Amino acid sequence: MSYLEAIILGIVQGLTEFLPVSSSGHLELAKVLFGNDSVPQESLTFTVVLHFATALSTLVIFRKDIVEIFKGLFQFKNNEEFQFSVKIIISMIPAVIIGLLFEEELEAFFNGNVLLVGFMLLITGLLLFLADKAKNTSKNVSYKNAFIIGISQAIAMLPGISRSGATISSSVLLGVDRTKAARFSFLMVVPLIFGKVAKDIMGGAISFSDESFGVMFIGFIAAFISGLVACNWMISLVKKSKLYYFSAYCFIVGALAIGYSYFYM
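Residues numbered from 1 in each chain as written. Predicted model: local features only at pLDDT ≥ 70, side-chain atom pairs only at ≥ 80, totals over all residues. Heavy atoms only, no water.

Draft legend 1. Seen up close, the packing of helix 9 (residues 163-173) against helix 10 (residues 178-188). For the pair helix 9 and helix 10, the least separation of the axes is 9 Å and the interaxial angle reads 140°. The angle between helix 9 and helix 10 places the two elements in the oblique class. Taken as a pair, helix 9 and helix 10 cross one another with a handedness that is right-handed. Residues Arg163, Ser164, Thr167, Ile168, Ser171 and Val172 of helix 9 touch helix 10, and the partners they reach there are Arg178, Ala181, Ala182, Ser185, Phe186 and Met188. (Axes fitted to C-alpha atoms, helices over the stretch in contact; angles between N-to-C directions. Helix = DSSP H or I, 4+ residues; strand = E, 2+ residues; numbered from the N terminus. Parallel < 35°, antiparallel > 145°, perpendicular 65-115°, else oblique. Left-handed = near helix turned anticlockwise from the far one by under 90°. Contact = heavy atoms within 4.5 Å.)

Here it is in structure tokens:
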């Protein structure tokens with residue numbers, strides 16, 4: 001993998017992690033366009049590094065919220081911060097279960113399956129379209145809602161289903177306030193990413209060679225910076241009910257991916 005390819009993939013990950021168009025789906029499409037030989041065996045490691053970069057950008061954007069949450073937790077009371085933390089934990093349960101029980105099966109989907117990515121992007125587009133039409137969105141995230149949103153996050157492990165798109169759309173369709181939906185969506189994934197990185201490091205799944213370190217670092221920086229931009233942009237768009245732009249984009253890219261898989265693969 002060249003430095004240019006690393007930068008492009010980093011930017012793709014950084015933008016699409018927060019914008020509701022599926023980061024995993026776009027990474028798979030980018031890998032196919034670059035050619036399978038351009039993404040070597042450290043592809044999985046590189047993908048994890050990019051996700052780690054976007055998790056860090058989330059921490060930067062929501063640093064004040066995170067500090068307040070930790071302050072509230074150390075008060076050892078059933079306060080708003082404690083309840084929010086419990087909801088985050090509840091939302092993680094479906095993804096943790098699916099990830100532990102079906103890890104190998106999930107990894108099998110990340111093999112340049114353009115047809116699958118195309119159909120999943122169409123589903124993402126439909127979710128965004130429905131969410132954009134939702135009217136009554138003034139509720140807080142309840143414990144029940146947190147679990148349902150968590151199921152959406154677990155389904156979004158499939159390439160082409162946008163994690164942010166699925167979780168924000170689910171929240172809005174459940175009547176959750178749009179700003180609170182975006183905040184919950186972005187914060188709920190952070191523990192999962194850090195847990196995944198820690199698990200892979202301890203299990204030896206992630207390793208760096210001298211040759212790949214530079215490429216990994218460049219990709220990390222590109223994903224981190226583009227993630228900062230995309231996260232702020234997405235929060236603004238959700239507030240203004242502008243998800244239909246991304247719905248149309250997912251329909252177009254999904255249709256192109258399906259057409260490509262039939263005529264060129």
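Back to the text.
Draft legend 2. A look at the environment of Lys133. You can see Lys133 is positioned in the loop between helix 7 (114-132) and helix 8 (143-155). Among the residues examined, Lys133 registers a relative accessible area of 52% and is labelled exposed. Between the C-alpha atom of Lys133 and that of Ile235, which follows or precedes it by 102 residues, the distance is 17 Å. (Buried < 20%, exposed > 50% of the residue type's maximum accessible area, 1.4 Å probe, protein only.)

Draft legend 3. Representation of the layout of surface pockets within the structure. Its volume calculated, the largest pocket comes out at about 1,100 Å³. Around the largest pocket sit 36 residues that line it, and His51, Leu106, Phe110, Met157 and Lys196 are the ones nearest its centre. At the level of secondary structure, the elements contributing two or more residues to the lining of the largest pocket comprise helix 1 (3-18), helix 2 (23-34), helix 3 (43-61), helix 5 (80-101), helix 6 (103-108), helix 9 and helix 11 (190-203). Of the residues forming the lining of the largest pocket, the biggest block, 7 residues, is contributed by helix 11. Its residues assigned to classes, the lining of the largest pocket shows 16 nonpolar, 12 polar and 8 charged. (1 Å grid on protein atoms, 1.4 Å probe; cavity = no way out; pocket = protein on both sides within 12 Å on 5 of 7 lines; lining within 4 Å. Points joined across faces, edges and corners; volume = space filled by probe spheres on them. Nonpolar A, V, L, I, M, F, W, Y, C, P; charged D, E, K, R; others polar.)

Draft legend 4. View of the packing of aromatic side chains. All chains considered together, the criterion is met by 7 aromatic pairs. Ring plane angle 80° and centroid distance 5.2 Å describe the contact between Phe18 and Phe186, whose orientation is recorded as edge-to-face. Of this pair, Phe18 sits in helix 1 while Phe186 sits in helix 10, and the two are 168 residues apart along the sequence. For Phe18, a relative accessible area of 1% gives the class buried. What links up through ring pairs into an aromatic cluster is the set Phe18, Phe62 and Phe186. (Phe/Tyr/Trp six-rings, centres within 6.5 Å; stacked < 30°, edge-to-face > 60°.)

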